[in-house]
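Coordinate inspection notes
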Amino acid sequence: MVPAHQSWLDMNERPRKTRTQVFTRKLDAFFLDIYSIGQFTGRFFREAFRPPFEWKEVIRQFYMVGYKSLALVSVTSFVTGIVFTKQSRPSLAEFGATSWLPSLVAIAIIRALAPLVTALIAAGKVGSNIGAELGSMRVTEQIDAMEVSAVNPFRYLVVTRVLATTCMLPLLMLYMAVIALLGAYLNVHNNEQTSLAAFFQNAFEQISFLDIFSSSFKSLLFGFTIGIIGCYKGYYTTQGTQGVGKAANSAVVISMFLIFIEEIIVVQVVNSFR
Amino acid sequence: MKKNNAHINKDNTVVAIRNLYKSFGDNHVLRGIDLDIYQGENLVVLGRSGTGKSVLIKIIAGLLKPDSGTVTVLGQEVDQLATKELDALRLKIGFSFQHSALYDSMTVGENLAFPLQRHNRSLSADAVKKEVARVLEAVGLSKALHQLPSELSGGQRKRIGIARTLIMQPAIMLYDEPTAGLDPITSMDINNLINEVQESYHTSSVIITHDLTCAKSTGDRIAVLLDGQFLQTGSFEEAVENSTNEQVKSFYDYNFID
Ligand SMILES: Nc1ncnc2c1ncn2[C@@H]1O[C@H](COP(=O)(O)OP(=O)(O)OP(=O)(O)O)[C@@H](O)[C@H]1O
Ligand SMILES: [Mg+2]
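The structure presented is a predicted model; accordingly, all values stated were derived computationally and were not measured. (Residues numbered from 1 in each chain as written. Chains lettered and ligands numbered in written order. Predicted model: local features only at pLDDT ≥ 70, side-chain atom pairs only at ≥ 80, totals over all residues. Heavy atoms only, no water.)

With respect to the coordination of the magnesium ion (ligand 2)
All names here are of chain B. So the rule is basically this: Counted as coordinating are nitrogen, oxygen and sulfur atoms within 2.8 Å of the metal, or 3.2 Å for Na, K and Ca, while water is not included, which may make sites look incomplete. Under the DSSP-based scheme used, a helix requires at least four consecutive residues in state H or I and a strand at least two consecutive residues in state E, with every element numbered from the N terminus. The classification of residues rests on relative accessible area computed with a 1.4 Å probe and restricted to protein chains. Under 20% of the type maximum is buried, over 50% is exposed, and intermediate values are partly exposed.
Listed as protein donors to the magnesium ion (ligand 2) are Ser-54 (OG) and Gln-98 (OE1); their distances from the metal cover 1.9 to 2.5 Å. With Ser-54 in helix H1 (residues 53-60) and Gln-98 in the loop between strand S6 (93-96) and helix H3 (108-119), this residue pair connects regions lying 44 residues apart in the sequence. A relative accessible area of 23% means that Gln-98 is categorised as partly exposed.

Take a look at the structure:
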């Protein structure tokens, strides 16, 4: 199987071709990419559940994923909570409905913001890191070295990382939601002197189990996507050191693109259950 | 230093290559390669940059697939093997990479323990430590145990790369440019190490190089790779020094002024 090396995202290549030619070439490369990502994913499921398991490496990757994104997730979520609440206040105040603020903010954060923002941050921090790490292991022949010592590099490198991103993203998402709600509380408390208990009670009035479940499921899916795309791009890096940068970059762009598509699909499906 | 050839068993071929072709697009790299490697010998493949030396040993180790032709290693045809059989065969092959390919997120000790722990899961931590110490000693780098690959010099990295293969006690060693980029004295150390490995581990080796000193001091037999084919195979004197081929002659004159 030949992976699609030429990314459909490099818009500046080959200026001499006509626009249509460029477009069809990008389109071909895009579908080739999608096809090989599908194969890569299939291989993940074939290899992930067969022993021997690399538990130690999985745990290390859990730590790496959490560690890499925790600081940024904390700051972003706290600021998002404050700003979102502050900006929503005037429109609710117009109807004298500021008492609805906690539940409005909670719905926005738990249903939409937390999964999406966590995923975008993780795509940027973790996805690019995986792409670059595996990419440099590929071009410096470390992956070949593993293969000739009869250690399965896919299992050691890819399976562990994909498991880590898949399991960690829901946790990060829940953490993000809590911190964002604390940010929102800060704003509400400053204006209405609401107590923390009252704020949270109010906030969770409109939140159902389905909301939390669907957000966790979305995060799981996003985490899986980030892991698979980062690993795929890194694992098939070509063109030496230059390729490593490209791998990291396209890992981020493609996983963000897929995250948006998945978001739209999951929202449609979940809404049909409401 | 004259090498002693008593250990070579010409009746036992460990690697047999027949009519091997490999291209990358329009780039026809290997064009009909035939080669036998006998048990216990050091075979040097000599050739200029870009002639496909690395491609050749990657095919022997099953990292690349040939377009046509057969490669038989220890009686098994490499590109016909299922994953399990290929892995079993690879345990008997040691591959020293051109740029060492040490795992740079691990210390030297972890690099060495990595293959061993995965293939002998019953081995105790103490036994692993002992083995690691043994091969580090063999390559003369006992003090590097806790260092990271990024803290080592090129020559030291080469040694650790060799040690990492020795820990699995391979029957066949494949060295890709063991002396490239090293100063003459460090090169000589590596050459001696290759000969020591041959003697004490009874390995059969393929040594890929464009360094004539390395070829002369490690090779029992030299095969000259030119334009995708083997031009000549024989002792250093036959294949290089007294070669009648113009390209080999100029390569020799340019490299060897002593
Ligand atoms: N994976 C690959 N894809 C495409 N072309 C390749 C690949 N590997 C090697 N080549 C090409 O094959 C040719 C031989 O490469 P190889 O690395 O075997 O050279 P070499 O003899 O080892 O040279 P050097 O002494 O510089 O290491 C080169 O022209 C290279 O571009
Ligand atoms: Mg080479």
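Now that the structure has been shown, the text picks up again.
Considering the interface of chain A and chain B
Size of an interface: often given as the accessible area lost when the parts come together. Put simply, the rule is: Only heavy atoms enter the contact rule, under which two residues are in contact if any of them lie within 4.5 Å. Using a 1.4 Å probe, buried area is obtained as the accessible area two parts lose upon being combined, added over both of them. For this document, the term salt bridge refers to a Lys or Arg side-chain nitrogen within 4 Å of an Asp or Glu carboxyl oxygen. Under the rule applied, a polar contact is a pair of N or O atoms within 3.5 Å (in protein, one hydrogen donor and one hydrogen acceptor; residues adjacent in sequence only if both atoms are side-chain atoms). Classes in brief: Ala, Val, Leu, Ile, Met, Phe, Trp, Tyr, Cys and Pro nonpolar; Asp, Glu, Lys and Arg charged; the others, Gly included, polar.
Taken together, the contact pairs 15 residues of chain A with 21 residues of chain B. The junction of chain A with chain B conceals about 1,600 Å² of combined surface from both sides, 56% of it contributed by carbon and sulfur atoms. Between the two partners, chain A and chain B, sit three salt bridges. Note that Arg-90 of chain B and Glu-147 of chain A form a salt bridge whose closest N and O atoms lie 3.8 Å from each other. Here chain A and chain B share seven residue pairs in polar contact (both at pLDDT 80 or more) between them. The element that contributes the greatest number of residues to the side of chain A that touches chain B is helix H4 (residues 142-148) of chain A, accounting for six residues. Taken together, the residues that form the side of chain A that touches chain B break down as eight nonpolar, three polar and four charged.

Looking at the site of ligand 1
All names here are of chain B. Worth spelling out the cut-off: Definition of nearness: a residue and a molecule or strand are near each other if at least one heavy atom of the residue lies within 4 Å of the molecule or strand.
Neighbouring residues of ligand 1: 14 residues in total, closest Ser-49, Gly-50, Lys-53, Ser-54 and Glu-177. Between Ser-54 and ligand 1, the recorded distance is 2.7 Å, taken from a side-chain N or O atom to an oxygen atom. Interatomic distance of 3.0 Å between a backbone N/O atom of Val-55 and an oxygen atom of ligand 1. Counting residues per element, the ones that place at least two in the shell around ligand 1 are strand S2 (27-39) and H1.

Here's the deal with the packing of helix H1 (residues 19-48) of chain A against helix H7 (residues 209-235) of chain A
Two quantities define a packed helix pair, namely the angle between the helix axes and the distance between the axes. All names here are of chain A. Defined as follows: Under this scheme, a helix contributes an axis fitted over its contacting stretch, all axes are lines through C-alpha atoms, and angles between N-to-C directions fall in the 0 to 180 degree range. Here the angle decides the label: under 35 degrees means roughly parallel, over 145 means roughly antiparallel, 65 to 115 means roughly perpendicular, and every other value means oblique.
At a closest axis distance of 10 Å, the pairing of H1 and H7 adopts a crossing angle of 110°. Regarding the angle of H1 to H7, the classification is roughly perpendicular. Counted together, Asp-33, Ser-36, Ile-37, Phe-40, Thr-41, Arg-43, Phe-44 and Phe-45 of H1 and Phe-224, Ile-228, Ile-229, Cys-231, Tyr-232, Lys-233 and Tyr-235 of H7 form the full contact between these two elements. Looking at the contact of H1 with H7 residue by residue, the classes come out as 10 nonpolar, two polar and three charged.

Observations regarding the sheet that holds strand S7 (residues 172-176) of chain B
All names here are of chain B. Basically, it comes down to this: Strands are labelled as partners when DSSP assigns at least two bridges between them.
Taken together, six strands build an open sheet; the order of strands is S6-S7-S8-S3-S9-S10 and the sheet is mixed. One side of each edge strand has no neighbouring strand; the edge strands of this open sheet are S6 and strand S10 (229-234). Strand after strand, the sheet turns through a mean of 15° between neighbouring axes, direction not considered. Inspection of the sheet shows S6 paired to S7 by four bridges, in the parallel sense. Bridged to Ser-96 within S7 is Tyr-175.

Remarks on empty space enclosed by the protein
Worth spelling out the cut-off: For each structure, a 1 Å grid was placed over the protein atoms alone; sets of points admitting a 1.4 Å probe that cannot get out are labelled cavities, open sets with protein on both sides within 12 Å along at least five of seven lines are labelled pockets, and lining residues have an atom within 4 Å of a point. Grid points are joined across faces, edges and corners, and a volume is the space filled by probe spheres set on the points.
With the rule as written, the count across this model stands at five cavities of 30 Å³ or more. By volume, the largest cavity amounts to about 130 Å³. At the level of secondary structure, the elements contributing two or more residues to the lining of the largest cavity comprise H4 of chain A together with S6 and helix H5 (154-166) of chain B. With three residues, S6 of chain B is the largest single contributor of residues to the lining of the largest cavity.

Describing the domain arrangement of chain B
Residues and elements named next belong to chain B. Rule in force here: Source of the domain bounds: an automatic or database domain assignment.
By domain assignment, chain B separates into domain 1 (13-92 + 173-184 + 202-258) and domain 2 (98-169). One C-alpha centre belongs to domain 1, the other to domain 2; they are set 26 Å apart. Each partner contributes residues to the interface: domain 1 has nine residues there, and domain 2 has nine residues. Of the roughly 740 Å² buried between domain 1 and domain 2, counting both surfaces, carbon and sulfur atoms make up 64%. Joining domain 1 to domain 2, the criterion identifies zero salt bridges. Between domain 1 and domain 2 we count two residue pairs in polar contact (both at pLDDT 80 or more) in total. When residues in the side of domain 1 that touches domain 2 are grouped by element, the largest group, three residues, is from S7.

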